[in-house]
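# Fold and geometry: a report
Listed below, chain by chain, are the residues.
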Amino acid sequence: MAYVAMADRDHELHDPQTFITKYIWSQDHKVIAIQYGVTAIAIGLVALVLSLVMRLQLGFPHTFSLIAPADYYQAITMHGMIMVIYLLTALFLGGFGNYLIPLMCGARDMVFPYMNMLSYWVYLLAVLILVAGFFIPGGPTGAGWTLYPPQAVSTGTPGASWGIVCMLISLGVFIVAFTMGGLNYVTTVLQARCRGMTLMRMPLSVWGIFVATILGLLAFPALLVSAVMMTLDATIGTSFFMPAMLSMGHTNTHAGGSPLLFQHLFWFFGHPEVYIVALPAFGIVSDLLSTHSRRHIFGYRMMVWAILAIGCLSFVVWAHHMYVSGMNPYFGFFFATTTLIIAVPTAIKVYNWVLTLWRGDIHLTVPMLFAIGFIFTFIHGGLTGLFLGNVTVDVPLSATYFVVAHFHMVMGVSPILVVFGAVYHWYPKMSGKMLNDTLGRLHFWITFLGVYAIYLPMHYLGIMGVPRRYYAYSTADFPQSVQELNAAITVSALIVGAAQLILLFNLVYSLFKGKPAGPNPWRGTSLEWQTPDTPPKHGNWGPKLPVVYRWAYDYSVPGASEDFIPQNVPPGPGAPLSHGHG
Ligand code: HEM
Ligand SMILES: [Cu+2]
């Protein structure tokens, strides 16, 4: 526990005094978390607007001429990349990871607070470089979020000269920021837990974030090297990924590079990336379900092992994104098999969530609604994953809207629902105020029903053969229903997009007018609810660190005087240890 002492000392030496050190150059993990969160949501709104612009084009191609074909490709690229990296990755790890790890582990802060602070500012720089892409000559890259060469750096692709370089540099800077944060999260979990907080007593939120961070530290380097190599291909004429070719009547100056090498590197990062987003969501949703059903998580140990198993397996499935690349069929067989094996630990998790609810004392609070919504959308997206994991099914579907439906359900909508649930759940700790319940319910129902209205029909469009990444289709190629559904999807998307204003309003309104939350409004067991102050002060715990006596799931323990026993309550009369992990 040497690092506890270090974090302790740091807290005494650097207790922030001025406005600037308290809120701007803050080394407090909670302030950094909120900085990450606000920035991620702000750039996420840009991605949302881009998606609505694309939807208007697809739904009403002749009514709104907001964008030209080239703009569509730029919008799709920026939308996809922002959503995956700059919103979800940053929000789950930089935002929730930063906020929850020290509080849930009983630490005063991250072990390297200065590096943690730097991580946020470098992330902000990455976001600014990304946004700069909109203002440079030629605009941002239109290569698609996968940035495949040779297309990404060939004339004819929007942003092929400046835009792609800007994107690659921004990604590189993001990875530097992620690494500085990530080393903190891992080290803090391993070294700064308070007394009694064994690994197998940690809340699943911490487990999910912890393993996701390890995945990130192992996967992002593959993206970093490909970004560096492609930048060199684009700027000084190296040929890592660029073959000699004839494009738009011109022969290029490259020779001998391998576009397939890029695909392997990209997806060696890209598939784990799905779990960098999904594992924190899995962890957080487990805690939401348990807290709001007043019941211990079913199969805690199995849940931890499932997270670890999914984490490991996620590194041996990447080429399921490359079934159409002309790979050797035996290769496809291997990757289909590993992909389908991931379904086992994943299904275990789903069963355990459902069994947690079974005979629980379910409180349909707003966080719980979002958590249950997640179970639906995740099962849904997971099932279509089983289709696409099989080579023979994937090949005809891979360039269609079926894929758009699948990945939005599984890694767009599902994690976002968990983000929302988590915001309603922890906002009271972050601000001391409750979010407005009525507005929360309205936000949930419109969002939940709305995403189904958006994404269910897309499966049908995909099976009809509607291609993805298309600006417009000839009406002669598809039945009338395709255009009608496209219009309906766009209307739903506009409604869902507008519904997010309810949340934004709620966040600001409740800060001033919200009901005071008290320290533990959901009667939760994990340590963040047991802080002496709400919101917790710098250093979190006042003079004395907490001591942990039990796991995080002592809800409705027989013989206990209340329906929850916080982790820092010693066993005794009225507070027995549960049959779980004491
Ligand atoms: C209301 C919410 C959203 C709407 C209406 C929406 C809409 C769209 C549209 C219209 C496309 C282009 C499809 C095509 O032409 O093939 C797209 C692509 C994409 N979206 Fe979303 N989206 C939303 C949320 C999200 C979220 C939360 C994520 C996070 C993972 C996400 C990730 C992506 C990705 C990775 C692509 C693919 C980009 C590419 O092909 O290069 N989207 N989305
Ligand atoms: Cu994958």
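Residues numbered from 1 in each chain as written. Chains lettered and ligands numbered in written order. Predicted model: local features only at pLDDT ≥ 70, side-chain atom pairs only at ≥ 80, totals over all residues. Heavy atoms only, no water.

### Regarding the overall build of the protein
A tally of helices and strands in the protein yields 15 helices and 2 strands. Its C-alpha atoms give the protein a radius of gyration of 24 Å, within 12% of the compact-globule value 25 Å for 582 residues. C-alpha extents for the protein along the principal axes are approximately 80 × 50 × 50 Å. For the protein, with 582 residues in total, the buried portion stands at 59%. Restricting to contacts in the protein with at least 6 residues of sequence separation, those with at least 24 account for 78%. For the protein, the exposed surface amounts to about 22,700 Å²; the carbon and sulfur share of it is 72%. Here the protein contributes 24 positively and 20 negatively charged side chains, and the mean placements of these two sets differ by 8 Å. (Helix = DSSP H or I, 4+ residues; strand = E, 2+ residues; numbered from the N terminus. Rg over C-alpha atoms; globule rule 2.2 N^0.38 Å. Buried < 20%, exposed > 50% of the residue type's maximum accessible area, 1.4 Å probe, protein only. Contact = heavy atoms within 4.5 Å. Areas by Shrake-Rupley, 256 points an atom, 1.4 Å probe, with all protein chains shown as cover. Lys, Arg positive; Asp, Glu negative; His and termini not counted. Charge placed at Lys NZ, Arg CZ, Asp CG, Glu CD.)

### Points about the site of ligand 1
Contacts to ligand 1 come from 25 residues, most closely from Tyr 72, His 79, Trp 145, His 408 and Arg 469. Tyr 72 is positioned with one of its side-chain polar atoms (N or O) 2.5 Å from an oxygen atom of ligand 1. Of all elements in the fold, only helix 3 (29–59), helix 4 (69–105) and helix 13 (401–431) reach the threshold of two or more residues within the shell around ligand 1. (Near = heavy atom within 4 Å. Polar contact = N/O pair within 3.5 Å; in protein donor to acceptor, adjacent residues only side chain to side chain.)

### As for the coordination of the copper ion (ligand 2)
For the copper ion (ligand 2), the protein coordination sphere consists of His 271 (ND1), His 320 (NE2) and His 321 (NE2), at 1.7 to 2.0 Å. Linear spacing of the donor residues for the copper ion (ligand 2) on their chain is H-x48-H-H. Linking His 271 in helix 8 (residues 259–292) with His 320 in the loop between helix 9 (300–313) and helix 10 (329–357), this pair joins segments that are 49 residues apart in sequence. Neither residue differs from the other here; His 271 and His 320 are each classed as buried. (Donors = N, O, S within 2.8 Å, 3.2 Å for Na, K, Ca; no water.)

### Side note on the environment of Gly 389
If you trace the backbone, Gly 389 turns up in helix 11 (residues 366–389). Considering only alpha carbons, one finds Gly 389 and Ser 492, 103 residues apart in sequence, at a separation of 29 Å. Dropping the residues within four chain positions of it, Gly 389 is found in contact with Tyr 323, Ala 336 and Thr 339.

### Re the packing of helix 6 (residues 163–191) against helix 7 (residues 204–235)
Contact geometry for helix 6 and helix 7: axes closest at 8 Å, N-to-C directions at 155°. The orientation of helix 6 relative to helix 7 falls into the category roughly antiparallel. As for how helix 6 packs across helix 7, the hand of that crossing is left-handed. For the contact of helix 6 with helix 7, the residue count by class is 22 nonpolar, 7 polar and no charged. (Axes fitted to C-alpha atoms, helices over the stretch in contact; angles between N-to-C directions. Parallel < 35°, antiparallel > 145°, perpendicular 65-115°, else oblique. Left-handed = near helix turned anticlockwise from the far one by under 90°. Nonpolar A, V, L, I, M, F, W, Y, C, P; charged D, E, K, R; others polar.)

### Considerations on the coordination of the iron atom of ligand 1
Those protein atoms acting as donors to the iron atom of ligand 1 are His 79 (NE2) and His 408 (NE2), and they sit at 2.0 Å. The coordination sphere of the iron atom of ligand 1 comprises 6 donor atoms, whose angles at the metal cover 86 to 180°; the geometry is octahedral. One end of the pair, His 79, is in helix 4; the other, His 408, is in helix 13, with 329 residues separating them in the sequence. Neither residue differs from the other here; His 79 and His 408 are each classed as buried. (Tetrahedral: all angles 85-135°; square planar, octahedral: opposite > 155°, others 65-115°.)

### Details of the pattern of salt bridges
Throughout the structure, instances matching the rule amount to 7 salt bridges. Measuring nitrogen to oxygen at the nearest pair gives 2.9 Å for the salt bridge that ties Arg 441 to Asp 437. Residue Arg 441 and its partner Asp 437 are both found in helix 14 (residues 437–463); the two are separated by 4 residues, about one turn of the helix. Between Arg 550 and Asp 554 there is a salt bridge, with the nearest N and O atoms lying 2.6 Å from each other. (Salt bridge = Lys/Arg side-chain N within 4 Å of Asp/Glu carboxyl O.)

### Topic: the packing of helix 4 against helix 13
Close contact between helix 4 and helix 13 brings their axes to 11 Å; oriented N to C, the two are set at 35°. Seen along the crossing, helix 4 lies across helix 13 with a hand that is left-handed. Residues Tyr 72, His 79, Val 84, Leu 87, Leu 88, Leu 91, Phe 92, Phe 96, Tyr 99, Leu 100 and Met 104 of helix 4 form the contact with helix 13, whose participating residues are Tyr 401, His 408, Met 411, Pro 415, Ile 416, Val 418, Val 419, Ala 422, Val 423, Trp 426, Lys 429 and Met 430. Of the residues belonging to the contact of helix 4 with helix 13, the class tally is 20 nonpolar, 2 polar and 1 charged.

### Some words on the environment of Cys 166
Following the sequence through the fold, Cys 166 ends up in helix 6. Judged by relative accessible area, Cys 166 falls into the buried class, the value being 13%. In contact with Cys 166, not counting residues within four places along its chain, are Ile 129, Ala 132, Gly 133 and Ile 136.

### Overview of the confidence of the model for the protein
Chain-level pLDDT for the protein is 94 on average; 97% of the residues reach the 70-or-more range. When the criterion is pLDDT under 50, residues 1–7 qualifies, and its contacts beyond four places in sequence or with other chains add up to 10 contacts. Of the regions scoring below 50 in pLDDT, residues 9–13 engages in 5 contacts with residues more than four places distant in sequence or in other chains. (pLDDT = per-residue confidence, 0-100.)

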